[in-house]
Amino acid sequence: MDLSPIILPEHVFVGLSAPSKWRALQILSSKAAHCLGLDEGAVLRALEAREKLGTTGIGNGIAVPHAAIGGMTRPRGLMVRFGHPVDFEAIDDVPTDLAFVLLFAENGRSEYLNVLSAIARRLRTEGVLTAMRQAKNAGELYSVFTSDSIG
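All values derive from a computational prediction rather than experimental measurement.

Caption draft 1: Examining the UniProt feature "domain: PTS EIIA type-2" (unreviewed entry) in the protein more closely. The feature "domain: PTS EIIA type-2" (unreviewed entry), as annotated in UniProt, sits at residues 5–148 in this numbering. Taken end to end, residues 5–148 is 43% helix and 23% strand, and its first and last C-alpha atoms sit 16 Å apart.

Written out as structure tokens, the structure is:
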């Protein structure tokens, strides 16, 4: 699956700072609302509600905050590398430095699962995570994530 229409180059951020998971969700909601033309409050409420069901920290320093948002027609997302890792209460207790925010249509849960699976496959590709963590800026981070040349 080609993730480039879902996470655009201008929706990649490096060096964001948050003292807690809940503050990180506020910052991510603000970025997502601005980038995707959504209501910030609606995004924040949806991400917080999902996080209360269980952590979206999936381990290995990665979190995938996600939620269905009314009015969306297809999955869209953001990619963030925090300046300092944030405790997302991940299953392996490793703080999160990479987050993928995924927002999808209320009737698009199967599409969301396909996107999540594609992200997971990409992150399991040998060398990708290391290169993403070493990227010097958002453009390089995006290039590493979407390139077929690594792995």
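Caption draft 2: Examining the environment of threonine 55 more closely. Of note, threonine 55 is situated in the loop between helix H2 (40–53) and strand E2 (57–59). Given the relative accessible area of 26%, threonine 55 is considered partly exposed. Threonine 55 sits 35 residues away from alanine 90 along the chain, and the two C-alpha atoms are 6.3 Å apart. The contacts of threonine 55, once residues within four sequence positions are left out, are Lys21, Arg50, Phe88, Glu89 and Ala90. Reaching out from threonine 55, the side chain makes a polar contact with the backbone nitrogen of glycine 57 at a distance of 2.9 Å. In this structure the side chain of threonine 55 is engaged in a polar contact, spanning 3.5 Å, whose partner is the backbone oxygen of glutamate 89.

Caption draft 3: Representation of the packing of helix H1 (residues 21–36) against H2. Packing of H1 against H2 leaves a shortest axis separation of 8 Å and a crossing angle of 140°. As far as their axial angle goes, H2 and H1 are oblique. Read as a crossing pair, H1 and H2 show a hand that is right-handed. The segment H1 lies against H2, with Lys21, Trp22, Leu25, Gln26, Ser29, Ser30, Ala32 and Ala33 engaging Glu40, Val43, Leu44, Leu47, Glu48, Glu51 and Lys52. Looking at the contact of H1 with H2, its residues break down into seven nonpolar, three polar and five charged.

Caption draft 4: The packing of aromatic side chains, seen in detail. Applying the stated criterion to the full structure yields two aromatic pairs. Measuring from centroid to centroid gives 5.3 Å for phenylalanine 100 and phenylalanine 145, while their planes differ by 40°, and the two rings are tilted. Taken together, the residues phenylalanine 100 in strand E6 (residues 96–104) and phenylalanine 145 in helix H5 (residues 138–146) connect sequence positions 45 residues apart. Classification of phenylalanine 100 as buried rests on a relative accessible area of 0%.

Caption draft 5: Up close: the pairing of strand E5 (residues 76–86). Most of E5 sits out of view: eight of its eleven residues are buried. Of the pairings in the sheet, the one linking strand E1 (residues 12–16) to E5 comprises four bridges and is parallel in character. Within E5, the position partnered with valine 12 by the bridge is methionine 79.

Caption draft 6: Layout of the pattern of salt bridges. What the rule picks out here adds up to three salt bridges. Between lysine 21 and glutamate 51 there is a salt bridge, with the nearest N and O atoms lying 3.2 Å from each other. With lysine 21 in helix H1 and glutamate 51 in helix H2, the pair connects residues that are 30 residues apart, well separated along the chain. Members of the salt-bridge network, linked through shared partners, are Lys21, Glu51 and Glu89.

Caption draft 7: Fine view of unusual backbone geometry. Phi is positive for asparagine 60, which is not a glycine, with a value near 60°. Within the secondary structure layout, asparagine 60 lies in the loop between E2 and strand E3 (62–63). For asparagine 60, a relative accessible area of 44% corresponds to the partly exposed category. With a phi close to 55°, glutamate 89 is a non-glycine residue in the positive phi region. Tracing the backbone through its elements, the reader meets glutamate 89 in the loop between E5 and E6.

What counts as what
Residues numbered from 1 in each chain as written. Predicted model: local features only at pLDDT ≥ 70, side-chain atom pairs only at ≥ 80, totals over all residues. Heavy atoms only, no water. UniProt positions renumbered as here; feature names shortened; annotations may be inferred. Helix = DSSP H or I, 4+ residues; strand = E, 2+ residues; numbered from the N terminus. Buried < 20%, exposed > 50% of the residue type's maximum accessible area, 1.4 Å probe, protein only. Contact = heavy atoms within 4.5 Å. Polar contact = N/O pair within 3.5 Å; in protein donor to acceptor, adjacent residues only side chain to side chain. Axes fitted to C-alpha atoms, helices over the stretch in contact; angles between N-to-C directions. Parallel < 35°, antiparallel > 145°, perpendicular 65-115°, else oblique. Left-handed = near helix turned anticlockwise from the far one by under 90°. Nonpolar A, V, L, I, M, F, W, Y, C, P; charged D, E, K, R; others polar. Phe/Tyr/Trp six-rings, centres within 6.5 Å; stacked < 30°, edge-to-face > 60°. Pairing = 2+ DSSP bridges. Salt bridge = Lys/Arg side-chain N within 4 Å of Asp/Glu carboxyl O.

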